[in-house]
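Descriptive analysis of the structure
In case you want the letters, here they are:
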Amino acid sequence: MTDVPSPHTLRSQRFRREREADWARLERLMDKVEKGSAAKLTDDEILAIPVLYRSTLSALSVARETSLDQGLVEFLETLSARAYFFVYGSRATLQDRLASFFSNDWPASVRSLWRETLVSGALMLLGAVVAAWLVSVEPDWFYAFVPADLAGGRDPAASTETLRATLSGADEEAGLSVFAAYLFTHNAQVAILAFALGFSLCVPTALLMLYNGTMLGAFFALFASRGLGVEIGGWLLIHGVTELFAVTLAGAAGLKIGWAVAFPADRSRLDAAVAAGRTAAVVMGGVVVMLFVAGLLEGFGRQLIVDTGARYAVAAFTALIWGAYFYGPRGRAFRGL
């Protein structure tokens, strides 16, 4: 006696038979895509995939609602998921993403934060000016801004010749190289904290910008008081233009988030913070790149270039590059060619 298929089994078989040609075609196309041959798809195949995907998705819905064969349901779920990532997923390569970041996303995000960038830079400059004035009036203020162990003896008690030797490279190992390494690490930490603490209504970020300026101002005032202001300026700016600009942008990113949280307008604070965070995160991604470049300039440029005029020339060149890249006429010289 032969077994007679149940009505449920017959429906499942009929359902599969009527549509399996489309499923098989979609499966072949997905196999081709996943093997790295997406570029070889014809125009007709590319246009067919969304149609086949929607048809498969519809079949999956029917199969679930009518409790058809579980194996068929699982097959359709897997096939639909594979097609989904082709239809709706990003197919940009890593190279494309990086090109988009450097050509559009990062510069546009920096330009959108121009107000916050001005405020961040002004706070750092204010800290530097105040500290420099205090140290010029009373040299002992230097110790309040630059810890003695980090200054490495380059403090108001040091002789002018000792300070001059550190700038010429004669005392590089025991001199400013230690301070330079600390300064870079310090600036990187300030940049990260300024961004991370921005949500606290801007206050910690603003204080960090002020504090970062005080150490630089105190250090500059010490050397300037010995007639070495021009020399220390070149020593700092050869990498400082990039490094300090990166810190300023990090501060701007933190201020952007903090301002959005404090004044969310017609949105909830969470929504405002998320929206501001998207732009700020892109800026911070670029800040990491700038700190890397600053590290190279500090590690190689400052040690290989000892002439003060050449140091200022490098500083001016880097300032021109960053200014044209971010604020030039869409940076065509850097991003459109």
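Details of the structure are given in the entry above.
For the structure given in this document, a descriptive report is provided here. (Residues numbered from 1 in each chain as written. Predicted model: local features only at pLDDT ≥ 70, side-chain atom pairs only at ≥ 80, totals over all residues. Heavy atoms only, no water.)

Details of the overall build of the chain
Along the backbone of the chain there are 14 helices and 0 strands. Shown N-terminal to C-terminal, the secondary structure of the chain runs as helices and strands in the order α-α-α-α-α-α-α-α-α-α-α-α-α-α. Every one of the 337 residues in the chain was classed for burial, and the buried ones make up 41%. Accessible area of the chain: about 18,000 Å², with a carbon and sulfur share of 64%. (Helix = DSSP H or I, 4+ residues; strand = E, 2+ residues; numbered from the N terminus. Buried < 20%, exposed > 50% of the residue type's maximum accessible area, 1.4 Å probe, protein only. Areas by Shrake-Rupley, 256 points an atom, 1.4 Å probe, with all protein chains shown as cover.)

A word on the pattern of salt bridges
Applying the stated criterion to the full structure yields 6 salt bridges. A salt bridge links Arg82 to Asp31; the shortest N-O distance between them is 2.6 Å. Of this pair, Arg82 sits in helix α3 (residues 70–87) while Asp31 sits in helix α1 (residues 7–37), placing them 51 residues apart in sequence. A relative accessible area of 32% means that Asp31 is categorised as partly exposed. (Salt bridge = Lys/Arg side-chain N within 4 Å of Asp/Glu carboxyl O.)

Let's talk about the packing of helix α10 (residues 203–224) against helix α11 (residues 229–262)
Remark: α10 packs on α11, axes separated minimally by 11 Å, with the N-to-C direction vectors making an angle of 175 degrees. With respect to their mutual orientation, α10 and α11 come out roughly antiparallel. Contacts from Thr205, Met209, Asn212, Leu216, Phe219, Phe220, Phe223 and Ala224 in α10 reach Gly229, Ile232, Gly233, Leu244, Val247, Gly251, Gly254 and Leu255 in α11. (Axes fitted to C-alpha atoms, helices over the stretch in contact; angles between N-to-C directions. Parallel < 35°, antiparallel > 145°, perpendicular 65-115°, else oblique. Contact = heavy atoms within 4.5 Å.)

Brief notes about the packing of aromatic side chains
Enumeration over the complete set of coordinates arrives at 17 aromatic pairs. Each ring, one from Trp259 and one from Phe263, has its centre 4.5 Å from the other, and the planes form 45 degrees; the classification is tilted. Each member of the pair, Trp259 as well as Phe263, carries the same accessibility label: exposed. The rings of Phe101, Phe102, Trp106, Phe245, Trp322, Tyr325, Phe326 and Tyr327 are connected pair by pair, giving a single aromatic cluster. (Phe/Tyr/Trp six-rings, centres within 6.5 Å; stacked < 30°, edge-to-face > 60°.)

As for a nonpolar patch on the surface
Judged by side-chain polarity, Phe292, Leu296, Phe300 and Leu304 come together as a nonpolar surface patch covering roughly 490 Å² of accessible area. Positionally, Leu296 belongs in helix α12 (residues 269–304). Its relative accessible area of 40% is what places Leu296 among the partly exposed residues. (Patch = residues over 30% accessible without salt bridge, like charges linked within 9 Å, V, L, I, M, F, W, Y side chains within 5 Å.)

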